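Tertiary structure, described
Listed here are the chains, written in short residue letters.
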Amino acid sequence: MTNNRHRYYTLLQVGRQQLGWDDDVYRAFLAAHGAKEQDGHVSATTMSIGALVAAVEAMKAKGFKPASKRSSGKTEDWRTARVNKIIAIWCQLADAGVMYDRSEKAMLKFCAAITGKARLEWASSPDLNRCIEVLKDKARHAGVTLNG
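Our subject in this report is the structure included herewith. Just so it is clear, the structure is predicted and the values come from calculations on it, not from any experiment. The written sequence of each chain sets the order in which its residues are numbered from 1. It should be noted that, the model being predicted, local features are given only for residues of pLDDT at least 70 and side-chain atom pairs only at 80 or more, the latter also being counted only at that level, while totals for whole chains, interfaces and linings use all residues. Each side-chain value is derived from all of the structure's non-hydrogen atoms; neither hydrogens nor water enter the calculation.

Looking now at helix H4 (residues 77-95). Between its terminal C-alpha atoms H4 stretches 27 Å, which fits the 27 Å expected from 19 residues at 1.5 Å a residue. Burial in H4 covers these residues: Arg79, Val83, Ile86, Ile89, Trp90, Cys91, Gln92, Leu93 and Ala94. The inward-facing, buried residues of H4 abut helix H5 (104-115) and helix H6 (125-142). The secondary structure listing takes helices from DSSP runs of H or I that are at least 4 residues long and strands from runs of E that are at least 2 residues long, numbered from the N terminus. Positive phi appears at Gly97, one or two residues downstream of H4, with a value of about 90°. By definition here, a helix of n residues has an expected span of 1.5 Å times n minus one. Each residue is assigned to one of three classes by its accessible area relative to the maximum for its type, calculated with a 1.4 Å probe on protein chains only: buried under 20%, partly exposed between the two thresholds, exposed over 50%. Contact definition: two residues touch when any of their heavy atoms are within 4.5 Å.

Printed below as a string of C-alpha cells:
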C-alpha cells in the first residue's frame with residue numbers, strides 16, 4: 001500500500017508540473033480533494049488512498065496525461081551504446097552516399113533483415129554486433145573511413 005501511495009504522490013507532482021500550477025493553486029486543489037493542513041501547509045500525505053486516486057483522476061480531466069510505463073520503444077541500457085553506434089555508422093554511410101535513405105525507418109528495416117527481429121529492442125547482443133559488423137564491412141567496401 002505504501003508504494004501505491006508514493007506512486008500517487010509522484011503522479012500528483014508530475015501532474016502539477018504538466019498543468020503548470022504554482023504552489024498556491026496546487027495546495028488549493030489538494031484541499032478541495034480532502035487534503036488537510038500539516039506543518040503549516042496543505043499536504044497530500046494527509047489524504048486517503050481514495051482521495052489520492054480521485055485527485056489524480058481530476059488532474060487527468062484537466063488535461064494531465066501521465067506517461068505510460070509500458071514499452072516506449074526505447075532500448076534497454078545495455079543496448080543503448082550498440083544502437084547508438086549503429087545509428088552513427090548508418091548516418092556516416094548515408095552522408096557518404098553509400099546508403100540512399102538516411103531515415104531511421106530505413107535503418108530499422110536494414111537491421112531487421114540482418115537480425116530477423118522487427119525491433120532493435122528485441123535484438124540480442126550478437127544480433128546488434130552483427131549489424132555493426134555488416135555496416136563496417138559496407139564502409140570498408142565503399143572506402144568510407146568511419147569516425148569513432
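Next comes the rest of the account.
Quick look at the state of the cysteines now. Criterion for a disulfide: a pair of cysteine sulfur atoms at a distance within 2.5 Å. In this structure the tally under the stated criterion is zero disulfides. Free cysteine: Cys91, not disulfide-bonded; nearest cysteine sulfur from Cys111 at 11 Å. Overall, Cys91 belongs to the buried group, its relative accessible area being 19%. For Cys111, which is in no disulfide, the shortest distance to another cysteine sulfur is to Cys131 and amounts to 3.8 Å.

In what follows, salt bridge is the name for a side-chain nitrogen of Lys or Arg lying within 4 Å of a carboxyl oxygen of Asp or Glu. Evaluated as defined, the whole model comprises nine salt bridges. Across the pair Glu121 and Arg119 runs a salt bridge, and its minimum N-O distance is 3.0 Å. Residue classification places Glu121 among the buried positions, given a relative accessible area of 17%. Taking the shortest distance from any N to any O, the salt bridge between Arg130 and Asp127 comes out at 2.5 Å. In this pair, Arg130 and Asp127 are both assigned in helix H6, three residues apart and thus about one turn of the helix distant.

As a further point, take the packing of H5 against H6. Axis definition: a line fitted to C-alpha atoms, over the contacting stretch in the case of helices. Angles run 0 to 180 degrees between N-to-C directions. Between H5 and H6, the least distance of the axes is 9 Å, while the angle of their chain directions is 115°. Classified by the interaxial angle, the pair formed by H5 and H6 is roughly perpendicular. At the point where H5 passes H6, the crossing takes the right-handed sense. Facing Phe110, Cys111, Ile114 and Thr115 of H5, the residues of H6 in contact are Asp127, Arg130, Cys131, Val134, Leu135 and Lys138. For classification purposes, angles smaller than 35 degrees are called roughly parallel, those larger than 145 roughly antiparallel, those between 65 and 115 roughly perpendicular, and all remaining angles oblique. Crossings are sorted by hand: turned counterclockwise from the far helix by less than a right angle, the near helix makes the crossing left-handed, and turned clockwise it makes it right-handed.

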